[in-house]
Every structure is written in structure tokens, then in C-alpha cells.
Amino acid sequence: KKSGNEKPVHLVNGKFSAPDFHLYEMLDQFEALAAANNLDLYADLERMKVFKELFKALPENQFYLNSWLHTELPFNNCMARFGSLPGPKTYSHGISSKYASWRGKGVVNLSP
């Protein structure tokens, strides 16, 4: 039985697994949504905040987190009212296409 004091970096067996990445992505998006509405997502979720900070700091994640795949892609499709442009901002048909810096990027290379 765990004491509850461990620093949560991985959700399963102290190893990377699919849920780690999905939780990080969801926390990233919900944090931005909360901030856009002047709310603190982590007010009652300290372990989630610690997980996100520690997972983000892992050296294995830096290539992706510093790439255009993380910094330039929107959270959602262009029809979404939130996160349809990076920032997160809202896409406006005919106006926002100049901000779609991810278009035409071509092949995605996932290793440095």
C-alpha cells in the first residue's frame, strides 16, 4: 500500500504508458480552458498539478513539448468555440487561416 506521498510521474508501475500521455494532454487543455475563464484548475487537485509539472519536466518529453506539434497545433477542430487556434484562441472562418502555421508542414519526424 502506498502512503500517498509519492510524486506522481507515471500512472502505472512507474513506467511510461498511454494513460500518462492522455492525462497530460487533458490537463494541458483543461488548464488553458480554466485560465481563459479566470479559474484555477488545480485549486483542489494538487496531485494532478504535480503530475503535470513532473511529467512535463521529464527529459524524454522535451523533444515533443518543444516541437511545433505541441506549440503550434490547436487543441480542437476549427468549429470548436475554444482552442480551435493555438493560444488557445478561437478560429474565425476567412480570417484566422493566416494563423494556421501548421499547414504545409509536411512530414512529421518524431525523433531528434
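Definitions and cut-offs
Residues numbered from 1 in each chain as written. Predicted model: local features only at pLDDT ≥ 70, side-chain atom pairs only at ≥ 80, totals over all residues. Heavy atoms only, no water. Helix = DSSP H or I, 4+ residues; strand = E, 2+ residues; numbered from the N terminus. Buried < 20%, exposed > 50% of the residue type's maximum accessible area, 1.4 Å probe, protein only. Contact = heavy atoms within 4.5 Å. Areas by Shrake-Rupley, 256 points an atom, 1.4 Å probe, with all protein chains shown as cover. Lys, Arg positive; Asp, Glu negative; His and termini not counted. Charge placed at Lys NZ, Arg CZ, Asp CG, Glu CD. Phe/Tyr/Trp six-rings, centres within 6.5 Å; stacked < 30°, edge-to-face > 60°. Core = buried A, V, L, I, M, F, W, Y, C linked by side-chain atoms within 4.5 Å.

(A) Quick peek at the overall build of the protein. Along the backbone of the protein there are 4 helices and 0 strands. Element order for the protein, N to C, with α for helix and β for strand: α-α-α-α. Projected onto the principal axes, the alpha-carbon positions of the protein cover approximately 55 × 35 × 15 Å. Burial statistics for the protein: of 112 residues in total, 26% are counted as buried. Residue pairs in contact within the protein that sit at least 24 positions apart in sequence constitute 51% of those at least 6 positions apart. As displayed, the protein has an accessible area near 8,200 Å², and 56% of this comes from carbon and sulfur atoms. Across the protein, the centroid of the 13 positively charged side chains sits 4 Å from that of the 11 negatively charged ones.

(B) Inspection of unusual backbone geometry at higher detail. Even without being a glycine, Asn13 presents a positive backbone phi close to 55 degrees. Mapped onto the secondary structure, Asn13 falls in the segment before helix H1 (18-36). Even without a glycine there, the phi angle at Asn38 is positive, about 55 degrees. Tracing the backbone shows Asn38 in the loop between H1 and helix H2 (46-57).

(C) Spatial organisation of the packing of aromatic side chains. Across all of its chains, the model carries 6 aromatic pairs by this definition. With a centroid separation of 5.9 Å and 75 degrees between ring planes, the pair formed by Phe16 and Phe55 is classed as edge-to-face. With Phe16 in the segment before H1 and Phe55 in helix H2, the pair connects residues that are 39 residues apart, well separated along the chain. Accessibility expressed as a relative area gives 34% for Phe16, which makes it partly exposed. Assessed through its relative accessible area of 2%, Phe55 is described here as buried.

(D) Molecular detail of the side chain of Asn61. With respect to the helices and strands, Asn61 occurs in the loop between H2 and helix H3 (62-65). The residues touching Asn61, leaving out its near neighbours within four places in the chain, are Phe16, Phe21 and Phe55.

(E) A look at the environment of Leu27. With respect to the helices and strands, the residue Leu27 is situated in helix H1. Linking Leu27 and Lys52, residues 25 residues apart in sequence, is a C-alpha distance of 7.1 Å. Sequence-distant contacts of Leu27, defined by excluding residues within four places in its chain, comprise Leu41, Tyr42, Met48, Phe51 and Lys52.

(F) Layout of the nonpolar core. The biggest cluster of nonpolar side chains holds 9 residues, and these are Val9, Leu23, Tyr24, Leu27, Tyr42, Phe51, Phe55, Leu58 and Leu65. Residue assignment for this core shows that the elements contributing at least two residues are H1 and H2. Here the element with the most residues in this core is H1; it accounts for 3 residues. Setting aside chain neighbours within four positions, we find Tyr24 in contact with Phe51, Lys52, Phe55, Lys56, Leu65 and His70.

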